[in-house]
Each structure stands twice: as structure tokens, then as C-alpha cells.
Amino acid sequence: MDLWIANEAAIQQSLTPDITNQPPIEKVLKSDSEKDVAETDLLLKTNLEVKPFVLEGSVNNFDPVKRATGLVNTFPRKWCGVYRSFEDDSNIDVIINFSGIKSIGKILDLRGEMFIDDVKIPIRGYLNAKSDQLEILLNSNNDIPGLEDGGSFLGLQGARLLAWNSPRLTHPGGRLELRKQCINKLSKAPAVITTW
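Described in the following lines is the structure provided in the data block. (Residues numbered from 1 in each chain as written. Predicted model: local features only at pLDDT ≥ 70, side-chain atom pairs only at ≥ 80, totals over all residues. Heavy atoms only, no water.)

1. What about the pattern of salt bridges?
- Overall, the coordinates contain 5 salt bridges when judged by the stated rule.
- The partner of Asp-132 in a salt bridge is Arg-67, with the nearest N and O atoms 3.0 Å apart. Here Asp-132, found in the loop between strand E4 (119-128) and strand E5 (134-138), pairs with Arg-67, found in helix H3 (residues 64-74); they are 65 residues apart in sequence, far enough to count as distant.
- Two residues, Arg-175 and Glu-177, come together in a salt bridge whose shortest N-O distance is 2.9 Å.
- Look at Glu-177 and you get partly exposed, because its relative accessible area is 26%. (Salt bridge = Lys/Arg side-chain N within 4 Å of Asp/Glu carboxyl O. Helix = DSSP H or I, 4+ residues; strand = E, 2+ residues; numbered from the N terminus. Buried < 20%, exposed > 50% of the residue type's maximum accessible area, 1.4 Å probe, protein only.)

2. Thoughts on the nonpolar core
- Counting 30 residues, the largest nonpolar core has Ile-96, Met-114 and Phe-153 as its most contacted members.
- Going through the elements one at a time, H3, strand E1 (78-85), strand E2 (91-104), strand E3 (107-116), E4, E5, strand E7 (161-165) and strand E8 (174-179) are the ones with two or more residues in this core.
- In terms of residue count, E2 provides more of this core than any other element does, 5 residues in total.
- When near neighbours in sequence (up to four residues on either side) are disregarded, Ile-96 contacts Arg-77, Lys-78, Trp-79, Glu-113, Met-114, Ile-123, Ile-136, Leu-176 and Leu-178. (Core = buried A, V, L, I, M, F, W, Y, C linked by side-chain atoms within 4.5 Å. Contact = heavy atoms within 4.5 Å.)

Scope: geometric values only; no functional claims are made or implied.
Take a look at the structure:
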């Protein structure tokens, strides 16, 4: 491959030396022993050896079914936060009470209610104990601005940060930021722990 210099005429650029004008390697070597060593080195360099290796450890170092069973008793029942709509930049206070939690394999089945700006909405959620993905479905016909029927909240890091997935492509959605501690937030209803 020739390399050309910008803004220089092709005739003025130096050409690469021709390989045929260079002396062969045999003439450069002084003795036959050096020639044998050079050929051996060349053969050793061309023979590639692949050494076996073992990966230790595992990405899944826990049992998700056992973790889901443990989360039934340790998952926080009450969450407080703010829903921020991307449509009009409005901030709405949100309180979530999970009154029923049950493990089904590696999935946590969550039931309860969500209070969005003094409107009570029954909810159902699913938390994957292996990946911490959470989906919260609204079971209501209430007309809440920005939260239509058929949409859901989706979180990839548990319940701390969720995105509103609208049923319409024309709706920009929003984000729900939750905290376990509800400071200065009075719950509309107490969180009752039930399992079924």
C-alpha cells in the first residue's frame, strides 16, 4: 500500500524500495548455523499454541428463587416519591403501599395501592428477584393526567427509579422516583402485610 503526502505532486513523493533489489536472507547470514537458528526461530514464531484457561466464579452467585422467598419478608411495604411528567414538567406526590406480597418462583407478585395526588389506584406489580426489574400496572379507570389506562411503570433497578411506559407513542412519558423512607408524608392508608 502506498502512502501519499497531501499537497505534494505524485512524482515528487519518494517511492517505497523494491523488495527484489534487497539481498536474500541467506547471503546476510554468515554461517549455516546462524541460518538454522533463523529458520527455527521463524518456525517457532509461526506455530501458535493456544493454552487452555478456566474461568473461576460465576455471574449468578445467588439463588433467585431463594432470594424471592426472602424478599417476601424484607421488601419495603411503603414507598414515597414524586412522579415527574415529561409532557408538562409537573411534579406529583406519590405514595405506594404494598399490602400483599407473594413469591412465585423467582418472581415477586406485589399487590397494593398507589396514591397519586389524592387519587387512590389499585396496583399490581412484578419484581424479578434475579435481575431486579420491576413492572407496576395500574388497575383503574380513573383519568389521571399523563397516566392513561394500558400503561405501566418499568424499573431496571428495583423500585427506586421507574419510567412511565405510555400506551400511546405520542406521549413522552415520565419518571417515578421513590424512597423507602416517607419523611413528612402521611400515608392515606396503612401498609398491611398479607401473604396468600
